[in-house]
2 protein chains.
Amino acid sequence: MDIIPMHLGVAHFKTPQIAIDAMQEALVSQETYYGPNEGIAELRLAVAQRYFEDDGIPVPAEQVLITHGTKHALHLFLQSFLQPGDEVIAPAPFWFAFPEMVSQAGGKLISLPPNPEEDYALPLSAIKEHLSPTTRLLLLTNPGNPTGRAYSLKELEAVAQLMEQHASLHVLSDEIYDGLALHGTIKSFLHFEHLRHRVTVVNGFSKSFAMSGWRIGYIIAPFPVLQKVNELQQKIISGVSPFTQVGAAAALRHRHQIWEGFKNELLQKREKVAAVLQQLPQLSYVLPDAGYYFTIDIKGCLEEHSPASPFKLVEEWAAALKEQVGLEVLPGTAMGMPTAVRMSYALPDYVLASALDRLSAFVKH
Amino acid sequence: MDIIPMHLGVAHFKTPQIAIDAMQEALVSQETYYGPNEGIAELRLAVAQRYFEDDGIPVPAEQVLITHGTKHALHLFLQSFLQPGDEVIAPAPFWFAFPEMVSQAGGKLISLPPNPEEDYALPLSAIKEHLSPTTRLLLLTNPGNPTGRAYSLKELEAVAQLMEQHASLHVLSDEIYDGLALHGTIKSFLHFEHLRHRVTVVNGFSKSFAMSGWRIGYIIAPFPVLQKVNELQQKIISGVSPFTQVGAAAALRHRHQIWEGFKNELLQKREKVAAVLQQLPQLSYVLPDAGYYFTIDIKGCLEEHSPASPFKLVEEWAAALKEQVGLEVLPGTAMGMPTAVRMSYALPDYVLASALDRLSAFVKH
C-alpha cells in the first residue's frame, strides 16, 4: 500500500521562483566564494527591514546573523548561551528536537504540560510556578509547532511583565512558521524593545518560504550573545553560501505576495480537514492559527478511555493507522504531548482528500 | 595604500562553469527541498568513484557523508570520535583551526615541531616518540597546509606499519588540497584497505574546485564512526542543499579537466615566486608539491639571528610588511611554526608580480 506522508515538516508548496531567479543572477556575478561569516549585508538588511516595515520594530541589520538553517541557529544559540545545569522552561507541545538540543548544551528542560482545553494558551501560571533562580531561559514557539497557536499581544505582554520581575530570565522565541499566519499577523517577541537585551529570536526560510533545501536561517540576539554565536559559527562551520543568501533576500522582499498565495491555499485545506474532524468525535483538535499542522488529541481512541480499544499508546495507534490505511502521522510523545499526533495538511488537494478518507475509515472502523 | 592579500585561503580561480550549469538544472527540476541527511546519492557515488577510478581504491558510496564544508566535517568527526583527555598527535605546521577544534572536542593536541630542514618529511621518529596508550588519533594533512608537502607512498606505508603495532591508533587525513597536485598525484590514506576501519578522510570542494562559497565537504570514515557523525549532523544541522550537491557532483566528474587547468596556472606562478625567493637569502622555503601556498621561514629576518633587526616575532615582521609595503601574509605561530609565514600565490599575474616586487623591496631594505 502507498503511504500518504502527513508526518513531515515540509509543505507541497513550490519554492518561490523569485528566489531561484535571484540566486541565478548571483551565480552570473560569481558570488560563489567565501562570504562574511555573519551573512551577506543584503540579506541581513532584508531581515531587519521586514520587522520594521511590517510591525514597526527597529532591528539593526548588525543584530542579524545568517545561519545554516534554523536548527543550527538553535544549536549555536543554546551552545553559546547555556551553562551546565541551567534550567530551560518550555510549554509543551514543542518541536521534538528541543529536549536533546537543550541537554546537549548542558541545560535541563522543564516541560510544562500541554493545555488543549485552553486552546493551548500561553500557560502563564505554570511558567510562574516553575520559575526559579536557576531558570535561565523560557523557550517559546510562536506560532506553535505543532499547535499552530499564535500568541496574542496580551499573552506576550504577560511574559514581558514576568521578565521585568525576573531579571535573569531570557526568552528564546522560535518564530519559524510566522509567515504562514492564516489570519492577522504573528507578533514577534522582538516587539518589546526595552527587553531586547534579553530576547533571542530564531527564524528561517524552510517553512514560510518553502525553501527547506536551501538551509538558511537567522538569529537575532543581544549583541554579547550574537558575538558568541558568530564566533562559534566561524570556528566550527563558517558562513552560509553567498549565492543562496541572495535568493533568500529576494524571497523576503517579496514576502507579502508569497505569503498571500500560501495562506489562501492553506485556509481552504484547513477547512477541509476541520470538516472531516468534526465528524469524528473520538478526536479532538484546536483549529490552527498558522502553519500547516493539525494537532489532534487521540486519547478518545486509547484503551484508557475506550476499554475496547487495542491501543495503549499513541505510537500504537499511529502504527496501526499507517499499516491499516496507509496514513503516516507523527506521534506527539517526543513533543511533550503523549496522547496526540501532528498531522501536516500541506498536501495537494487530491492527496489530502484521500488522506482524510483514510483517517475517517480508520477511526470509524 | 592598497593591501595585496596573500594571507587568504582562497584562490583567484573561477568556480567551474560546469558546476554552476549542473546546479541550475537541479533548480529547474525543483531539487530545493530537504534532501537526505547523508547527502544525495549522486554526489556520494561521484566521491566514491573518484577514488576507484584514479587510484583503484574501492570506497562504497554508503561510506561517504556529505557535510557543510570540510571545516564542519572535521568538527563533526572530532566531536563524535574523541573522548575527554584523548591525545591527538599532529606534525606541525597544520591548519590554524586544529588546536581549538581538538580542544573543543575534549582532546589534547600534541604538536610535533616542523622540520623544514628535512623538506617537511613525515616525522616518523617524532610520532613514535610521542605515541602512548592515551594517543587516540594521528592527524595528517596531505598535502600539507601550508607546506604543500605531498607525502610519498613510502612515508604513508611507515605510518600504516605503525598502526599495525598500535591497535588503538586512528588516522585522520585531511586531504582538502589533493586536487591541486603540481606533479604526480596525491596518495590518499584510504589506500590502506586493511586499515580502513581505523582511517577517516575529510575533503571538500572549497580549495581543489574553487567552490569555497558552496560550503560542501565530505567525510569517509569507518561505518561505526560515520554513523555517529551522521546522527550528530542530523541532530544539530541537517544535510546539505541538494541543488548545490548536484553542482559539486558535476565538478567532481570533470575533475581531470578542471585540475589540469588549475595546475598549469599554478606551476607558472610557483616558478615566478621561487625565482624571486632565490634572490632573498634571508628567507628560506621549500618548493610546494601541491596547493597554492609557500611556507617561508623568516627567522633570518628576526633579531635572534640578525641583531640589527627590529623584529623579535614573526607577527611584528608580518605587520611591518603589511604597513610598509602593503603585503599581507599569515604568520605561522597558530600553525605550529613560530618563525614562518604562509603566503598564497594564487593571484592574478599582475597582482602577483606587484606582490613579489613589494616582498623584495621590504626584505632588501
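Residues numbered from 1 in each chain as written. Chains lettered and ligands numbered in written order. Predicted model: local features only at pLDDT ≥ 70, side-chain atom pairs only at ≥ 80, totals over all residues. Heavy atoms only, no water.

Chain A goes by Aminotransferase in an unreviewed UniProt entry, where it is assigned to Rufibacter roseus. The record held by UniProt for chain A lists under Sequence similarities (unreviewed entry) the comment "Belongs to the class-I pyridoxal-phosphate-dependent aminotransferase family." Turning to chain A, the UniProt annotation filed under Cofactor (unreviewed entry) states: "pyridoxal 5'-phosphate". (UniProt positions renumbered as here; feature names shortened; annotations may be inferred.)

Caption draft 1: Region of the structure containing the environment of Leu-347 of chain B. Residue and element names in this part refer to chain B. By the secondary structure assignment, Leu-347 is in the loop between β13 (340–344) and α11 (349–364). Taking relative accessible area as the criterion, Leu-347 reaches 9% and is therefore assigned buried. Spatially, the C-alpha atoms of Leu-347 and Met-23 are 27 Å apart, while their sequence positions differ by 324 residues. With near-sequence residues (within four places) excluded, Leu-347 lies in contact with Ile-4, Pro-5, Met-6, His-12, Lys-269 and Leu-352. (Helix = DSSP H or I, 4+ residues; strand = E, 2+ residues; numbered from the N terminus. Buried < 20%, exposed > 50% of the residue type's maximum accessible area, 1.4 Å probe, protein only. Contact = heavy atoms within 4.5 Å.)

Caption draft 2: Representation of the domain arrangement of chain A. All names here are of chain A. Split into domains, chain A comes out as domain 1 (4–13 + 256–364) and domain 2 (29–254). On a C-alpha basis, the centres of domain 1 and domain 2 stand 26 Å from each other. Taking both sides of the interface into account, the surface hidden between domain 1 and domain 2 amounts to around 2800 Å²; carbon and sulfur atoms contribute 62%. Taken as a group, Trp-259, Asp-289 and Met-335 account for 26% of the area that domain 1 buries against domain 2, more than any other trio of residues on that side. On inspection of domain 1 and its partner domain 2, the count reaches zero salt bridges. One can count 16 residue pairs in polar contact (both at pLDDT 80 or more) joining domain 1 with domain 2. Sorting the residues of the side of domain 1 that touches domain 2 by element identifies α9 (255–277) and β10 (293–297) as the ones contributing at least two each. Among the elements that make up the side of domain 1 that touches domain 2, the one with the highest residue count is α9 (nine residues). (Domains from an automatic or database assignment. Buried area = accessible area lost by both parts, 1.4 Å probe. Salt bridge = Lys/Arg side-chain N within 4 Å of Asp/Glu carboxyl O. Polar contact = N/O pair within 3.5 Å; in protein donor to acceptor, adjacent residues only side chain to side chain.)

Caption draft 3: Examining the environment of Pro-99 of chain B more closely. Residue and element names in this part refer to chain B. Counting through the fold element by element, Pro-99 comes out in helix α4 (residues 98–104). Among the residues examined, Pro-99 registers a relative accessible area of 27% and is labelled partly exposed. C-alpha separation for the pair Pro-99 and Val-88, spaced 11 residues apart in sequence, amounts to 9.6 Å. If we ignore the near neighbours within four places in the chain, the residues touching Pro-99 are Phe-94, Leu-109 and Ala-334.

Caption draft 4: View of the packing of aromatic side chains. The tally for this structure, following the rule as stated, stands at 32 aromatic pairs over all chains. On the numbers, 5.5 Å between centres and 70° between planes, the contact of Tyr-177 of chain B with Tyr-293 of chain B is edge-to-face. Here Tyr-177 of chain B is found in the loop between β6 (170–174) and β7 (199–204), whereas its partner Tyr-293 of chain B is found in strand β10 (residues 293–297), with 116 residues between them in sequence. Of the residues examined, Tyr-293 of chain B reaches a relative accessible area of 2% and is grouped as buried. Consider the rings of Phe-209 of chain B and Trp-259 of chain B, whose centres lie 5.3 Å apart with planes at 45°: the pair is tilted. Taken as a pair, Phe-209 of chain B in the loop between β7 and β8 (217–220) and Trp-259 of chain B in helix α9 (residues 255–277) lie far apart in primary sequence, 50 residues in all. Each residue in the set Phe-205, Phe-209, Tyr-218 and Trp-259 of chain A is aromatic and connected to the rest through ring pairs, giving one cluster. Over the aromatic face of Phe-81 of chain A sits the side chain of Arg-136 of chain A, whose NZ or CZ is 4.0 Å from the ring centroid. Of note, Arg-50 of chain B hangs over the ring of Tyr-51 of chain B, and the distance from its end group to the ring centre comes to 4.5 Å. (Phe/Tyr/Trp six-rings, centres within 6.5 Å; stacked < 30°, edge-to-face > 60°. Lys NZ or Arg CZ within 6 Å of the ring centre and 35° of its normal.)

Caption draft 5: Highlighting the sheet that holds strand β3 (residues 87–91) of chain B. Residues and elements named next belong to chain B. Spatial ordering of the open sheet is given by β2-β8-β7-β6-β5-β3-β4, a layout of seven strands whose pairing is mixed. Bordering the open sheet on either side are β2 (64–67) and β4 (108–112), each of which pairs with just one other strand. With direction set aside, neighbouring strand axes in the sheet form an average angle of 20°. Packed on one face of the sheet, helix α6 (residues 153–165) meets β5 (135–141), β6 and β7 and runs near 155° to β6. (Pairing = 2+ DSSP bridges. Axes fitted to C-alpha atoms, helices over the stretch in contact; angles between N-to-C directions.)

Caption draft 6: Broad picture of the interface of chain B and chain A. Contacts between the two partners involve 40 residues from chain B, matched on the other side by 40 residues from chain A. Carbon and sulfur atoms supply 54% of the area that chain B and chain A bury against each other, a total of about 3400 Å² over both sides. The largest contributions to the chain B side of the interface with chain A come from Tyr-33, Tyr-34 and Ile-236 of chain B, which together make up 18% of the buried area. Taken together, the links from chain B to chain A amount to two salt bridges. For Lys-235 of chain A, the salt bridge identified is with Glu-100 of chain B, shortest N-O distance 2.8 Å. Our enumeration of links across chain B and chain A arrives at 22 residue pairs in polar contact (both at pLDDT 80 or more). Those elements that provide at least two residues to the side of chain B that touches chain A are α1 (17–28), α3 (70–81), α4, α7 (223–236) and α8 (242–253) of chain B.

Caption draft 7: Representation of the packing of helix α10 (residues 314–325) of chain A against helix α11 (residues 349–364) of chain A within the structure. All names here are of chain A. The interhelical angle for the contact between α10 and α11, taken along N-to-C directions, is 115°, at an axis separation of 10 Å. The chirality of how α10 crosses α11 is right-handed. Residues Trp-317, Ala-320, Leu-321, Gln-324 and Val-325 of α10 form the contact with α11, whose own contacting residues are Arg-358, Leu-359, Phe-362 and Val-363. Partitioning the contact of α10 with α11 into residue classes produces seven nonpolar, one polar and one charged. (Left-handed = near helix turned anticlockwise from the far one by under 90°. Nonpolar A, V, L, I, M, F, W, Y, C, P; charged D, E, K, R; others polar.)

Caption draft 8: Molecular detail of the pairing of strand β6 (residues 170–174) of chain A. Residue and element names in this part refer to chain A. Taking burial as the measure, the five residues of β6 include five buried ones, the bulk of the element. Alternating residues of β6 divide into His-170, Leu-172 and Asp-174 and Val-171 and Ser-173, and every residue in both groups is buried. Looking at chain direction, strand β5 (residues 135–141) and β6 are connected through five bridges and run parallel. Pairing of Leu-138 across the sheet is with Val-171, part of β6. Relative to strand β7 (residues 199–204), β6 runs parallel, the two sharing four bridges. Within the sheet, the bridge partner assigned to Asp-174 lies in β7 and is Val-202.

Caption draft 9: Up close: the relation of the copies chain B and chain A. After a rotation of 180° and a shift along the axis of 0.0 Å, chain B superposes on chain A with an RMSD of 0.0 Å. Both copies of the chain, as the preceding transformation shows, are related through a two-fold rotation axis. Ranked by how close their C-alpha atoms come to the rotation axis, the residues of chain B are headed by Gln-24 of chain B, at 3.7 Å. Most of the interface of chain B is mirrored in chain A, where 100% of its interface residues again form contacts. (Least-squares fit on C-alpha atoms with pLDDT ≥ 70 in both.)

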